[in-house]
Amino acid sequence: MPHASLTIDPAFVVGAIDRRLFGSFVEHLGRAVYDGIYEPDHATADEDGFRKDVIELVRELGVSTVRYPGGNFVSGYRWEDGVGPREQRPRRLDLAWHSLETNEIGLDEFARWSAKAGTELMLAVNLGTRGVQEALDLLEYANVRSGSTLSDLRVANGTPEPHGVVLWCLGNEMDGPWQLGHRSADDYGKLAAQTARAMRQLDPGLKLIACGSSNRQMPTFGAWERTVLEHAYDEIDYLSCHAYYHETPGDLPGFLASPVDMDRFIESVVATIDHVRALRPGRRRVDISFDEWNVWYVDRYHEEDKVTDPQVWPIAPRILEDSYTVADAVVVGGLLMSLLRHADRVTAASMAQLVNVIAPIMTEPGGPSWRQTTFFPFATTSRLARGVTLSVDVATSTYETAAYGDVPVVDAVATHDASAGETAVFLVNRSVDSPATVSVDVRGLGAATVAEAVTLWDDDVHARNTLDHPDRVGLRPTPSAAIDGGTLRVELPPVSWTAVSLR
Ligand code: AHR
């Protein structure tokens, strides 16, 4: 049986955990907005047409920020289409997802939804088909109190207070050939720097995110980051990373090792950022915004979901509606652990996405909403991971994968909130056939006791929650978790994710 040992010591601090690590993402894509967060005829709809059952689930999920309105969608979006009287709003072809955008929901409505859900709004500007001027116009509309044409327009449209948006993405995945207005690193780096400079002239308090690579497999990965940073380093606060993973039939062990890829991704981008910074002595730090990450069965979209008939432009089609398994949730838990492990440099992140589209929350029009398997590790980590991340140095056996070489069977990360006297340890067992035992030296915590211990696992690693069986998979108690003589012992089932909270 695999075994792992580690030490939790509050002295070994990696970095403070920014709440923005627990962000999410709502794109105008499929049923994320329409029939997702917004369904005016639904029994739970509020006065703005937002589903209250969904808002409650978003609150339970513990989402800090929500990135909006895209994604690929933003690279063809005209933000003006989504403000003002609804009956006058245009219906546009969304080329990114081959859909018809009705513009019933735009910035003002979404900001209202975000406030109701208790989240911070993070906006993306269109640097695909548009540029500096349109970004400035949107910023003026969103953040200027009043007295200018666009801020007064917002007031006239029924939003007297500015939205006060701090986090702004300078375009989306501009390295991707699929992106409208895709550019070279050199062109994008210059455009991002110009846009950032102009936006800061209007509002110096903004936090700006330049696009890094769409994923680590992009042929330009690394060179893209370096070139963009050479142009934009002084103007930005974050460089973005995006990564999606999925299980290839027959390679569950490789899939479970996906967080190893995320670790390497983050570490190589940090190295590039610091290399560029070293050439600019005295410059402030640029961090990573990992603003798209998740499990996504992208091939299913390309093979089954995608509508390409030039005469058919569906409204809110059922696309990218992945149904997640226990194994997917274990990977999501592991990806969150990777983000936490790098809390010193990853200070914002967005799980992509939030509702219906590759999402932890699903809805049925006129029907119920439910939690996917991936909901549970996110909600629990967001609730328990407070304060700082601690370095834990796990000693465990390894197994071989085709994609990442030898990877640890057991993964672990710990967090510590000194003021609340709370510590949490998150554990994954990647073995597909054997439980693992873990011993954690917790003497450094004094007289700690186990306050809560939960595990996500199932005899069927491909079990899911569905409309018909919404509660098939959930968290289970972890009776093995106990402290004796300064050692916490836990047994982890095969293919499982566990959280233990100590007080
Ligand atoms: O989240 C789905 C899509 O994945 C986003 O629109 C895009 O940015 C990424 O490629």
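See the structure shown above.
Residues numbered from 1 in each chain as written. Predicted model: local features only at pLDDT ≥ 70, side-chain atom pairs only at ≥ 80, totals over all residues.

(A) Layout of the site of the ligand. Taken together, Glu27, Gly70, Gly71, Asn72, Asn172, Glu173, Ser214, Glu292, Ala352 and Gln353 make up the full set of residues adjacent to the ligand. Of the residues belonging to the shell around the ligand, the class tally is 1 nonpolar, 6 polar and 3 charged. (Near = placed C-beta within 6 Å. Nonpolar A, V, L, I, M, F, W, Y, C, P; charged D, E, K, R; others polar.)

(B) Structural detail: the packing of helix α10 (residues 326-341) against helix α11 (residues 375-384). Put simply, α10 and α11 touch, their axes get as near as 8 Å, and they point 30° apart. The angle between the axes of α10 and α11 places the two elements in the roughly parallel class. With respect to the hand of their crossing, α10 and α11 are arranged in right-handed fashion. Contacts between α10 and α11 pair Ala329, Val332, Gly333 and Leu336 from the former with Phe376, Pro377, Phe378 and Thr381 from the latter. For the contact of α10 with α11, the class distribution of residues is 6 nonpolar, 2 polar and no charged. (Axes fitted to C-alpha atoms, helices over the stretch in contact; angles between N-to-C directions. Helix = DSSP H or I, 4+ residues; strand = E, 2+ residues; numbered from the N terminus. Parallel < 35°, antiparallel > 145°, perpendicular 65-115°, else oblique. Left-handed = near helix turned anticlockwise from the far one by under 90°. Contact = placed C-beta atoms within 7 Å.)

(C) Quick look at the sheet that holds strand β25 (residues 487-492). Taken in spatial order, the 5 strands line up as β16-β1-β21-β25-β24 in an open sheet, and their pairing is mixed. Edge positions in the sheet fall to β16 (395-396) and β24 (482-484), since each has one partner strand and no second. (Pairing = 2+ DSSP bridges.)

(D) Structural detail: the nonpolar core. In terms of nonpolar packing, the biggest core is built from 159 residues, with Trp168, Leu170, Ile236, Val330, Leu354 and Ala412 touching the most fellow members. Sorting elements by how many residues they give to this core places α10 first, with 11 residues. In terms of domain composition, this core takes at least three residues from each of domain 1 (4-8 + 390-502) and domain 2 (18-384). Those residues in contact with isoleucine 236 that lie beyond four places of it in its chain are Ala196, Leu208, Ile209, Ala210 and Val286. (Core = buried A, V, L, I, M, F, W, Y, C linked by C-beta atoms within 7 Å. Buried ≥ 20, exposed ≤ 12 C-beta atoms within 10 Å, placed from the backbone. Domains from an automatic or database assignment.)

(E) Spotlight on the environment of lysine 116. Note that lysine 116 resides in helix α2 (residues 107-116). Spatially, the C-alpha atom of lysine 116 lies 9.4 Å from that of glutamate 56, the residues being 60 residues apart in sequence. Setting aside anything within four residues of it in sequence, one finds lysine 116 in contact with Phe50 and Ile55.

(F) Up close: the pairing of strand β26 (residues 496-502). The element β26 is largely enclosed, with a buried count of 7 among its 7 residues. Neither face of β26 is open: one carries Ser496, Thr498, Val500 and Leu502, the other Trp497, Ala499 and Ser501, and all of them are buried. Pairing between strand β20 (residues 422-429) and β26: 7 bridges, direction antiparallel. Looking at β26, one finds that phenylalanine 426 is bridged to alanine 499.

(G) Examining unusual backbone geometry more closely. A cis geometry characterises the amide bond from tyrosine 68 onward to proline 69, with omega recorded as 0°. Within the fold, proline 69 resides in the loop between β4 (65-68) and β5 (92-94). With an omega of 15°, the peptide bond between glycine 70 and glycine 71 qualifies as cis. Positive phi values are uncommon outside glycine, yet asparagine 103 reaches one of about 60°. Note that asparagine 103 resides in the loop between β6 (99-101) and α2. For asparagine 103, a count of 22 C-beta atoms within 10 Å translates into the label buried. One non-glycine residue, valine 495, lies in the positive phi region at around 45°. Assignment of secondary structure puts valine 495 in the loop between β25 and β26.

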